[in-house]
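Take a look at the letters that make up each chain.
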Amino acid sequence: MSGDVGDGVDGAFGVGRREVGPAETVAAQRRWWDAEAVGYRAEHGPFLGDARAGSDLVWGPEGLREEDAGLLGDVAGRRVLEVGAGAAQCSRWLAGRGALVVASDLSAGMLAQAVAADAEAGVRTPLLQCDARVLPFADGVFDVVFTSYGALPFVADAERVLGEVGRVLRPGGRFVGSVPHPVRWALPDVPGAEGLRVHHSYFDRRPYVESETDGAGRARVTYVEHHRTVGDWVRLVRGAGLVVEDLVEPEWSAGEAVWGGWSRLRGELVPGTLVLVCSRPAASAAGG
């Protein structure tokens, strides 16, 4: 995502800010991640804890690891759902710690990379292709639901995803989700000093859109990332019937690593990730 775009859409490059609805967003994301799956895993797999480098669960480019943060709590024997799992590095790590995990993703291409990673690791992770806005599970069947940079920034209707999360969590269950920190929306997505200058309004909630022209001369959205402020995320979580237990803003610990536009230079000055740590209220003694 680039914060350095003006109003509307640049006709030459098909990059800009404009409204894009849920269906168009989902179609674009499926095409994008299917096409990028192999290259994405090759570039980012080692940092994310790919099987080739040993499994891990990393909450964002700053390098905050679940082994250190303990945001999910003890997962041994717990039923866990990952939303927007990609190549399932996180789920694979949790399974190694005794979790009964299912890794889900919209993209068949990303799940194919999960199968490849499983083969390299000599394990088998339960995988499911589905839209996070319509989870194919009964109510209250999971102890933990989580996502690390998955689904939430990439849907027009995050309230539907969070509503589904709340539905499939058991009373007393836990949800943790990391998203790009909303302050990044005001900054250009470049790793150097230019990425520290505010170029856009934090309060402009129009999504970042990339598009192309097809053979018939019609514009087609190829990538979308949706923006919410910190307050928006809190309200969305509460609207889904969840309780915000903590908002974690990881400090930089990834050395000289560069992830797209995020770098040590930026990460030591401004937050790049927001982690929503939430719970579903337990039922009362009277069953309420």
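In this report, we go over the structure that sits alongside the text. Fair warning: this is a prediction, and the values are worked out from it, not measured in the lab.

## A short note on the overall build of the protein chain
Counting its secondary structure elements, the protein chain contains seven helices and eleven strands. Its C-alpha radius of gyration of 19 Å places the protein chain within 12% of the 19 Å reference for a compact globule of 288 residues. Counting only C-alpha atoms, the protein chain reaches 55 × 45 × 45 Å along its principal axes. When the 288 residues of the protein chain are sorted by exposure, 50% land in the buried category. Summarising the internal contacts of the protein chain: among those between residues at least 6 apart in sequence, 71% fall at separations of at least 24. Total accessible area on the protein chain stands at roughly 12,300 Å², and carbon and sulfur atoms take up 53% of it. Once the 29 positive and 39 negative side-chain charges of the protein chain are each reduced to a mean point, those two points are 5 Å apart.

## Examining the packing of helix α5 (residues 158-168) against helix α6 (residues 230-239)
Taken N-terminus to C-terminus, the directions of α5 and α6 make an angle of 40°; their axes are 8 Å apart at the nearest point. By the angle between their axes, α5 is oblique relative to α6. At the point where α5 passes α6, the crossing takes the right-handed sense. For the pair formed by α5 and α6, the contact residues are A158, E159 and L162 on the first element and W233, L236 and V237 on the second. Here the residues of the contact of α5 with α6 sort into five nonpolar, no polar and one charged.

## Examining the sheet that holds strand β10 (residues 243-248)
Pairing within the open sheet is mixed, and its seven strands lie in the order β5-β4-β3-β6-β7-β11-β10. The strands lining the two open edges of the sheet, one partner per strand, are β5 (127-129) and β10. Neighbour-to-neighbour, the strand axes of the sheet open up by a mean angle of 20°, direction not taken into account. As paired elements, strand β3 (residues 79-83) and strand β6 (residues 142-148) share three bridges and run parallel to each other. By the bridge assignment, L81 is partnered in β6 with V145. Taken strand by strand, helix α4 (residues 108-121) contacts β4 (100-105) and β5, and its axis lies near 170° from that of β5. α6 rests against β7 (169-180), β10 and β11 (273-279) of the sheet, and its axis sits at about 20° to β11.

## Let's talk about the pattern of salt bridges
In this structure the tally under the stated criterion is 22 salt bridges. A salt bridge links R184 to D189; the shortest N-O distance between them is 3.8 Å. By relative accessible area, R184 is classed as buried at 13%. Judged by relative accessible area, which is 22%, D189 ranks as partly exposed. Note that D204 is salt-bridged to R206, the shortest N-O span being 2.8 Å. Residue class for D204 comes out buried when judged on its relative accessible area of 13%.

## With respect to the state of the cysteines
Under the criterion given, the structure shown has zero disulfides. Unpaired in this structure, C90 has its nearest cysteine sulfur neighbour in C130, at a distance of 16 Å. Counting only cysteine sulfurs, C90 is the nearest neighbor of C278, a cysteine outside any disulfide, at a range of 17 Å.

## Quick notes on the nonpolar core
Ranked by internal contacts, the top residues of the largest apolar core, which has 27 residues, are L81, V145, L152, L162, F175, W233 and L242. Of all elements in the fold, only β3, β6, α5, β7, α6 and β11 reach the threshold of two or more residues within this core. When residues in this core are grouped by element, the largest group, five residues, is from α5. The residues touching L242, leaving out its near neighbours within four places in the chain, are V165, G166, L169, F175, V237, C278, S279 and R280. Counting 18 residues, the second largest nonpolar core, distinct from the first, contains L71, V80, C90 and V248.

What counts as what
Residues numbered from 1 in each chain as written. Predicted model: local features only at pLDDT ≥ 70, side-chain atom pairs only at ≥ 80, totals over all residues. Heavy atoms only, no water. Helix = DSSP H or I, 4+ residues; strand = E, 2+ residues; numbered from the N terminus. Rg over C-alpha atoms; globule rule 2.2 N^0.38 Å. Buried < 20%, exposed > 50% of the residue type's maximum accessible area, 1.4 Å probe, protein only. Contact = heavy atoms within 4.5 Å. Areas by Shrake-Rupley, 256 points an atom, 1.4 Å probe, with all protein chains shown as cover. Lys, Arg positive; Asp, Glu negative; His and termini not counted. Charge placed at Lys NZ, Arg CZ, Asp CG, Glu CD. Axes fitted to C-alpha atoms, helices over the stretch in contact; angles between N-to-C directions. Parallel < 35°, antiparallel > 145°, perpendicular 65-115°, else oblique. Left-handed = near helix turned anticlockwise from the far one by under 90°. Nonpolar A, V, L, I, M, F, W, Y, C, P; charged D, E, K, R; others polar. Pairing = 2+ DSSP bridges. Salt bridge = Lys/Arg side-chain N within 4 Å of Asp/Glu carboxyl O. Disulfide = S-S within 2.5 Å. Core = buried A, V, L, I, M, F, W, Y, C linked by side-chain atoms within 4.5 Å.

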